[in-house]
Amino acid sequence: MNNKIYILFIAFGLILLASCEKDTPQYIPYEGYAYSELDEDGGNWVPVLEESGASIEIPAPEATDSQAYQNELNEVKEAMSNITSDQKRAIRYWTNNPAVRWNEIALELIAKYNIIPGPNADGTYTLPNPANPEGPPAFPFAHPPYACRALAYMSVAQFDGLISAWHHKYQYNRAAPVAVDENIEYAYEENDIPSYPSDGAVIARASKNILTAMFPLEAEYLQQMEDEHLESLMLSGGNVASDINAGTVIGDAVSETALTRASNDGMKNAQTPKAVSDSIKQAAYDRFGWAWDNLEIPERPVGLTPLFSQVTMWSIDDVESVRPIAPPGLNSQELLDDVELLKDYAKNMTEEHRRIANFWQDGLGTYTPPGHWNHIANELIVEKKLNPLQTTRTLAYMNMAIMDSGISCWDAKYYYHYPRPIQLIEGFETIAGTPNFPSYTSGHSVFSAAASEVLAYIFPEEAEQMRAWAEEAAISRVYGGIHWSFDATVGTDQGREVAQYTIDRAKADGADQ
């Protein structure tokens, strides 16, 4: 993998600004498993971006008794007879639910690129530029807004692609090689899902295409991962070449649709020039009589993505419709009470509070709060033995809700432009760094509440635990001195409200019927 991104920033020691006690992404130790359901009607579910499961066309497959298919079958057997130890390892790694693996790859890249661009020798800053990804600084800076958007587009492309795959699977109903030839031993638990087109190939191609667009310096690495994944589909005994080719056709189509949307969603304007950032700050001051000041060291002249609020949402038409109430006035008793609360937390920091603050920190060099919730979702997906279609549905709706909640949160941050505790409490110190954006509402709280609500909908038996973790993530920022308590409580309500729009959309897609 490309390591250029580390060179400039390690020199400045910027990773240490928000270090935490939690490791960077680790792969979940699981192998292939028997799916809890097959969802034979999944091809009728409503996609997010495509018109329907039938909207992407692929050619009709050859019959299993045709000479063309028999030739493909012999190709599979020949390849399996010469399998290497590295290829066996790859088969075990990719499993029969590879959407989880591609999600983990995305988290790995987010953590790698989640590093603040450092200042130039003259004290100025150069922003990452997608037109010059090698920089310096390297593109992208995978901060939480960037991370949640990358995860949303990849997950949506995967989900739409598998709806199309399921449609064609049960339209043509071609059996997998292992069911056609008794001499082929399948590497995973057998199932009755038709093999044409290959759902694994859809996932591989769509994921590679989206992640390459989001992390252009990783194109070679991502191509290597796709090649390994596609090869493993054949070597596992699960697919012949035409299955895989048809899957890549679908993967190309859905990723093209997703990336067309991405190119026009407004993200390229989210990071503003200083003049625009200053005008947003002045507008808030004129409106409320307060404004957030950046107190990080070294100070960046522009806040993080002030116009992320104008990026197109997935399930809400007007971001102002979910804007929370105004925060307390600077002379209010509510704020004065919070000042005393934060002083008390700082003075009487317990080991438990410190553990919670560190566990949910998800700062620089990690996969960010959206990534943390993707890891939680991946663990639940494997535990509950979801099939690939159910997996991508879960990740798509969760990441859509996370992205929408982030857009809503950033709208509140820059509309209200509320100062952080470090700005208003004299001599106050945090244990969790100094974020480069206003305080109200808490991003951790909003992201976590939105994610937890979608997971509570998908896994109702886990609802209590998901919501408890979201509330812990929210209060962790108060323990760390980053946020006021109302940043966390209002942010939690905000995330839950935003998530409901996504959940309502999910309830209408046909999967629950």
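First things first, this report covers the structure right here in the doc. Everything numeric here is computed off the predicted structure, so don't read it as measured data.

**Overview of the pattern of salt bridges**
Right, on to step 1. In total, this model carries 25 salt bridges according to the counting rule given.
Right, on to step 2. Across the pair Arg393 and Asp509 runs a salt bridge whose closest N-O atoms are separated by 2.9 Å. Remark: Asp509 occurs in the segment after α18 (485-507) and Arg393 occurs in helix α14 (residues 388-416); sequence separation between them is 116 residues. Side by side, Arg393 and Asp509 carry an identical accessibility label, which is buried.
Right, on to step 3. One network of salt bridges, in which partners are shared, links Arg205, Lys208, Glu226 and Asp252.

**Notes on the side chain of Asp181**
Right, on to step 1. Of note, Asp181 is situated in the loop between α6 (177-180) and α7 (199-214).
Right, on to step 2. At 2.7 Å, the side chain of Asp181 forms a polar contact with the side chain of Lys77.
Right, on to step 3. Each residue touching Asp181, except ones within four places of it in the same chain, is listed here: Leu73 and Lys77.

**Overview of the packing of helix α4 (residues 99-113) against α14**
Right, on to step 1. Where α4 contacts α14, the two axes come as close as 9 Å, and the packing angle between them is 35°. Counting all contacts with α4, which are made through Ala99, Val100 and Asn103, the residues of α14 involved are Thr391, Thr392, Leu395 and Asn399.
Right, on to step 2. In terms of residue class, the contact of α4 with α14 is built from 3 nonpolar, 4 polar and no charged.

**Digging into the nonpolar core**
Right, on to step 1. Judged by nonpolar contacts, the single largest core of 150 residues is most densely connected at Trp102, Ile105, Phe215, Trp373 and Leu455.
Right, on to step 2. Those residues in contact with Trp102, other than ones at most four positions away along the chain, are Trp94, Met154, Gln158, Ile203, Ala204, Ser207, Lys208, Leu211, Leu222, Met225, Glu226 and His229.

**Looking at a negative patch on the surface**
Right, on to step 1. A surface patch of like charges, here negative, comprises Glu40, Asp41, Glu185, Glu189, Glu190 and Asp192.
Right, on to step 2. Within the fold, Glu190 resides in the loop between α6 and α7.
Right, on to step 3. Judged by relative accessible area, Glu190 falls into the exposed class, the value being 58%.

Conventions and cut-offs
Residues numbered from 1 in each chain as written. Predicted model: local features only at pLDDT ≥ 70, side-chain atom pairs only at ≥ 80, totals over all residues. Heavy atoms only, no water. Salt bridge = Lys/Arg side-chain N within 4 Å of Asp/Glu carboxyl O. Helix = DSSP H or I, 4+ residues; strand = E, 2+ residues; numbered from the N terminus. Buried < 20%, exposed > 50% of the residue type's maximum accessible area, 1.4 Å probe, protein only. Polar contact = N/O pair within 3.5 Å; in protein donor to acceptor, adjacent residues only side chain to side chain. Contact = heavy atoms within 4.5 Å. Axes fitted to C-alpha atoms, helices over the stretch in contact; angles between N-to-C directions. Nonpolar A, V, L, I, M, F, W, Y, C, P; charged D, E, K, R; others polar. Core = buried A, V, L, I, M, F, W, Y, C linked by side-chain atoms within 4.5 Å. Patch = residues over 30% accessible without salt bridge, like charges linked within 9 Å, V, L, I, M, F, W, Y side chains within 5 Å. Areas by Shrake-Rupley, 256 points an atom, 1.4 Å probe, with all protein chains shown as cover. Lys, Arg positive; Asp, Glu negative; His and termini not counted. Charge placed at Lys NZ, Arg CZ, Asp CG, Glu CD.

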